[in-house]
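The residues making up each chain are set out below.
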Amino acid sequence: MQSANSPVVKDLVLVGGGHAHVAVLRRLAMRPVPGLRLTLIARDLHTPYSGMLPGYVAGHYGYDDCHIDLRPLAQFAGARLYHAEVDGLDLAGQTLRVPGRPPVTFDLLSINTGSRPCTLNVPGAAEHAIPVKPIDGFLVRWEALTRRCLASRGPFRIGVVGGGAGGVELALAVLYRLRRLLGEGGDDPGRVHLALLTQGPEILPSHSPGVRARFLRVLRERGVEVLTDHRVIEVAADALRAEGQESVPVDAVLWVTNASAPAWPGEAGLAVTDEGFVRVDDHLQSVSHPGVFAAGDLAALPDPRPKSGVFAVRQGPVLADNLRRAATGRGLRRYRPQRRFLGLISTGDRYAVASRGGWSLEGAWLWQAKDWIDRRFMRRFNDLPPMSADKAAPALAAGIADQEAIRELSTLAMRCGGCGAKVGSSVLTRVMQRLAAGTRADVLVGLDAPDDAAVLAVPPGKLLVQSVDYFRAFIDDAYVFGQIAANHALGDVFAMGAEPQSALAIATVPYGRERVVEQALYELMSGALAVLAPTGAVLAGGHTSEGAELAFGLAVNGLVDPDAVWRKGGLKPGDRLVLTKPVGTGTLFAADMRRLTKGRWIDAAIASMILSNHAAAVCLRRHGASACTDVTGFGLLGHLVEMTRASGVDAVLELEAIPLLEGAAETVAAGILSSLQPQNLRLRRAVRDLEQVARHPWFPLLFDPQTAGGLLAGVPADRADACVAELRTLGYLDAGAIGRVEATGETAEPIAIVIGTTGGPL
Ligand SMILES: Cc1cc2nc3c(=O)[nH]c(=O)nc-3n(C[C@H](O)[C@H](O)[C@H](O)COP(=O)(O)OP(=O)(O)OC[C@H]3O[C@@H](n4cnc5c(N)ncnc54)[C@H](O)[C@@H]3O)c2cc1C
């Protein structure tokens, strides 16, 4: 783990959260290398454990049983997690191309991105076949196929292309699940027909005749048509055509053929095989580039082995050790793949066949044994030791820093405060040259011609709206943090009914080597610009300094017509209260800090925070909103109370109509609340019949502080439904009408809360 006490000397970037990298993360968490910063770039935040995947398809496991959640694992390892897909590599510049974000620099690179079935050369396969990888895509399409099968009438024919262990296991799992679902629904399970096509003369070619015989028997018993010597050369919507054979009618096709490799490693100049797999030596180190390692399906070893998760898993500990050694300049360890290994292949129905060399065995108890082994494996990654206070780690691992690095780092201890804490001008200049800060006619002096301060013009007839926000990073991805911080700051401008014009940034970047500081600053500012630019705002200047931790904020300026200013005080009795985004970021990130969330909950929360309020503000105006605010630190109730006070009205909130981020109800139920919650909770005195509503499990979410939250507006009742419908089409999928405004009543408390919704539309 990168200890907070040690500066970053080297960057190790792991691409892909495959079976080997999960072990690398765990091992580096247990025995960190101070000075080595870890970054994991993963296209999927959950790694399906290959051994349990057929069991998931068959319905024996739930999603979380067989997926490794990369977010808590990365946190455990102190690794930055970038949810993104690498599509290019610059070996000379030591950067990775990652669409949608700035290039990621590395000193050491490890690639464990797996493989996917090869559909490229078969006409129609890309359109009509469902490849088993990428797995998240497969799982979505598999659920759709299930629904299609259940809704169909008469025979439903599935072709599975690929007769290796993966294809056979998947075919039997698919058949088991569909027949069971049909049976449970009172339908005829026998109307699902399955054909297994393989190009060779036999199925399971890498297994013994005994294993083949057992599976041929099982397939026959289940009525699966096994079509050997069927090299599929074309896929149509309703048929498979194999070379020299009659076409096979199908309603769906699953594609589980030989593994293929992505093009980018070879295109970058890494030594690869003819098929594109990265050639490594027996240290798992690239044969052409010693700073690059590869493992799992993507790696081509000197002594090749089948593409199997078993090997990827076994490579993990050696890879972890070698990455540690490479970072600290020590000799590498050899990886010796087993010649023979025990394979446990399931038959779909909680029954398995064991295969090792020429030996085989079958039975339900083997499935039980496999289940026990697989669950134990998963526990190592999903049941992580609880968070403990940062142990006093040595400042740097021996051997990680060369003389130049040591010289650079020795100056860190003597860094000044005040103006001396500013990021060096050369770093800043380089960062600014790489950024496109934008220009506008009313920004007279900005970053295109930098001076001591920005000079802004307020066009005639317009008013200037200003706001400022600044906070510590709560995620370790500087680019995403920059996006969220910019969105959060702009929320105030939109809530006032203004259009953004310009912004000044204030950034604190952790102390470190010059290039590390430069990269962090670049990522932060790129994130902010990615949010500012589409709103029309330009970055006109700012201030950066070094400090103990990453923090960022913006002073934002907006322009508005005098009669279009929205105030909190504009709510009118009869208005519906419309909220544009779900709530729950406070509790979710409090849980995230303790590694008590699911990665997908945090991912959805980040997506919500990155969603700009710009289009929502325009939509609210179009539907006649009379008052607006952005929901941030004081929580939904705190901001609503501000509005009712300023407007001299009361409000009724429909508790169960309030949209919640996925997982927020669970983390609140677990008692995990933001540290700001107790202060926000003081406003509960504004709620009528408190005793009654405070018992509701969602009640604490009314006080949950939001980062980059949505807009809360009063919209005329007859426009509210149309407004919510339009917000949803604009991408605010959880937008909803959550209550109404009433004239001030007899009671002192302005807010009434009803449990459940009023049952009206939307
Ligand atoms: C149906 C089926 C059943 C199988 N059953 C078994 C079995 O029982 N036992 C067994 O040992 N093997 C099994 N296999 C084989 C096994 O799935 C693979 O060998 C194994 O998953 C390879 O592991 P890996 O670590 O190389 O990559 P993966 O486990 O595939 O992980 C790679 C990860 O990298 C990420 N990624 C990919 N590209 C990028 C990118 N460009 N940028 C960032 N991230 C990226 C993906 O999100 C992916 O999660 C089965 C295969 C199939 C199809």
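Remember, it's a predicted structure, so these values are computed and weren't measured experimentally. (Residues numbered from 1 in each chain as written. Predicted model: local features only at pLDDT ≥ 70, side-chain atom pairs only at ≥ 80, totals over all residues. Heavy atoms only, no water.)

Colleague: Sorry, what's going on with the pattern of salt bridges here?
Modeller: Any two side chains of opposite charge can pair, given that their charged atoms come close. Enumeration according to the criterion identifies 38 salt bridges in this entry. Of the charged contacts, one joins Asp44 and Arg43 as a salt bridge, the two residues approaching to 3.0 Å between their closest N and O atoms. Of the residues examined, Arg43 reaches a relative accessible area of 32% and is grouped as partly exposed. Notably, a salt bridge pairs Asp64 with Arg600, separated by 2.9 Å at the nearest N-O pair. (Salt bridge = Lys/Arg side-chain N within 4 Å of Asp/Glu carboxyl O. Buried < 20%, exposed > 50% of the residue type's maximum accessible area, 1.4 Å probe, protein only.)

Colleague: Can you help me understand the site of the ligand in this one?
Modeller: In the vicinity of the ligand, 30 residues are found, and the nearest of them are His19, Asp44, Asp297, Ser308 and Val310. In this structure, Asn112 approaches the ligand through a side-chain N or O atom, which is 3.0 Å from an oxygen atom. Note that an oxygen atom of the ligand is positioned 2.8 Å from one of the side-chain N or O atoms of Ser308. Its free accessible area being 990 Å², the ligand has 89% of it covered by the protein chains. Looking at the shell around the ligand, the elements that each hand over two or more residues are strand 2 (36–42), helix 6 (165–184) and helix 9 (309–327). Here the shell around the ligand gets three residues from one element, more than from any other, and that element is helix 9. Among the residues forming the shell around the ligand, the class breakdown is 10 nonpolar, 13 polar and seven charged. (Near = heavy atom within 4 Å. Polar contact = N/O pair within 3.5 Å; in protein donor to acceptor, adjacent residues only side chain to side chain. Areas by Shrake-Rupley, 256 points an atom, 1.4 Å probe, with all protein chains shown as cover. Helix = DSSP H or I, 4+ residues; strand = E, 2+ residues; numbered from the N terminus. Nonpolar A, V, L, I, M, F, W, Y, C, P; charged D, E, K, R; others polar.)

Colleague: Is there a simple way to think about unusual backbone geometry in this case?
Modeller: Across the chain, the bulk of peptide bonds are trans and the bulk of non-glycine residues have phi less than zero. For the bond running from Lys133 to Pro134, omega is 0°, close enough to zero to count as cis. Positioned with a positive phi, Asp229 is a non-glycine residue whose angle comes to about 55°. Note that Asp229 resides in the loop between strand 14 (225–227) and strand 15 (232–235). Given a relative accessible area of 41%, Asp229 falls into the partly exposed group.

Colleague: Quick question: what am I supposed to make of the nonpolar core here?
Modeller: Nonpolar side chains in soluble globular proteins tend to end up buried together. Judged by nonpolar contacts, the single largest core of 116 residues is most densely connected at Leu96 and Ile158. Ranked by the residues each element gives to this core, the list is headed by helix 6, at nine residues. In this structure, Val509, Met525, Phe552 and Cys723 belong to the second largest nonpolar core, which totals 71 residues. (Core = buried A, V, L, I, M, F, W, Y, C linked by side-chain atoms within 4.5 Å.)

Colleague: Would you explain the pairing of strand 1 (residues 10–15) in this entry?
Modeller: Along a regular strand, successive side chains alternate from one face of the sheet to the other. Counting buried positions along strand 1 gives five out of six residues, so the element sits mostly inside the fold. Note on the crossover from strand 1 through helix 1 (residues 19–30) to strand 2: the handedness is right-handed. The pairing of strand 1 with strand 9 (residues 108–111) spans four bridges and is classified as parallel. Residue pairing for strand 9: Val13 is matched across the bridge by Leu109. (Right-handed = clockwise from strand over helix to strand, strands pointing away. Pairing = 2+ DSSP bridges.)

Colleague: In this structure, what is going on with the sheet that holds strand 16 (residues 239–242)? I would like to understand it.
Modeller: Strand pairing in a sheet takes place through backbone hydrogen bonds and is either antiparallel or parallel in direction. Pairing is antiparallel across the open sheet formed by three strands, whose spatial order is 15-16-17. Edge positions in the open sheet fall to strand 15 and strand 17 (248–249), since each of these has one partner strand only. Where strand 16 and strand 17 come together, two bridges link them in antiparallel fashion. Within strand 17, the residue paired with Ala239 across the bridge is Pro249.

Colleague: Can you walk me through a positive patch on the surface in this structure?
Modeller: On the surface, Arg27, Arg31, Arg330, Arg376, Arg379 and Arg380 cluster together into a patch of positive charge. Looking at which element gives the most residues to the positive patch, the answer is helix 10 (residues 364–382), with three residues. Its place among the elements puts Arg330 in the loop between helix 9 and strand 23 (343–346). Overall, Arg330 belongs to the partly exposed group, its relative accessible area being 44%. (Patch = residues over 30% accessible without salt bridge, like charges linked within 9 Å, V, L, I, M, F, W, Y side chains within 5 Å. Lys, Arg positive; Asp, Glu negative; His and termini not counted. Charge placed at Lys NZ, Arg CZ, Asp CG, Glu CD.)

Colleague: It is not clear to me how helix 6 should be interpreted in this structure. Could you clarify?
Modeller: Given 3.6 residues per turn, any residue in an α-helix points the same way as the ones three and four places further on. Relative to the 28 Å expected for 20 residues at 1.5 Å per residue, helix 6 spans 29 Å between its end C-alpha atoms, a close match to the ideal helical length. At the C-terminal side of helix 6, Gly186 shows a positive phi close to 75°. (Expected span 1.5 Å × (residues − 1).)

Colleague: Explanation requested: the packing of aromatic side chains in the structure shown.
Modeller: The relative placement of two aromatic rings is captured by the distance of their centres and the angle of their planes. Taken as a whole and assessed by the stated rule, the structure comprises nine aromatic pairs. On the basis of an interplanar angle of 80° and a centroid distance of 4.9 Å, the ring pair of Phe474 and Phe589 is categorised as edge-to-face. Remark: Phe589 occurs in helix 15 (residues 585–593) and Phe474 occurs in the loop between strand 28 (463–472) and helix 13 (478–495); sequence separation between them is 115 residues. On the accessibility criterion, Phe474 (25% relative accessible area) is partly exposed. Residue Phe589 is classed as buried on the basis of its relative accessible area of 8%. Considering the side-chain rings of Phe699 and Phe703, the 5.1 Å spacing of their centres and the 65° angle between planes classify their relative orientation as edge-to-face. (Phe/Tyr/Trp six-rings, centres within 6.5 Å; stacked < 30°, edge-to-face > 60°.)

Colleague: I would appreciate a short explanation of the side chain of Ser360 in the present structure.
Modeller: The topology assignment puts Ser360 in strand 25 (residues 359–363). The buried category is assigned to Ser360, whose relative accessible area is 12%. Polar side-chain contacts of Ser360 include one of 2.9 Å to the side chain of Arg214.

Colleague: Explain the environment of Leu219 here, please?
Modeller: Looking at where Leu219 falls in the secondary structure, it is placed in helix 7 (residues 209–221). Between the alpha carbons of Leu219 and Glu127 there is a distance of 28 Å; along the sequence they are 92 residues apart. Sequence-distant contacts of Leu219, defined by excluding residues within four places in its chain, comprise Leu172, Leu196, Ile203, Val224 and Val226. (Contact = heavy atoms within 4.5 Å.)

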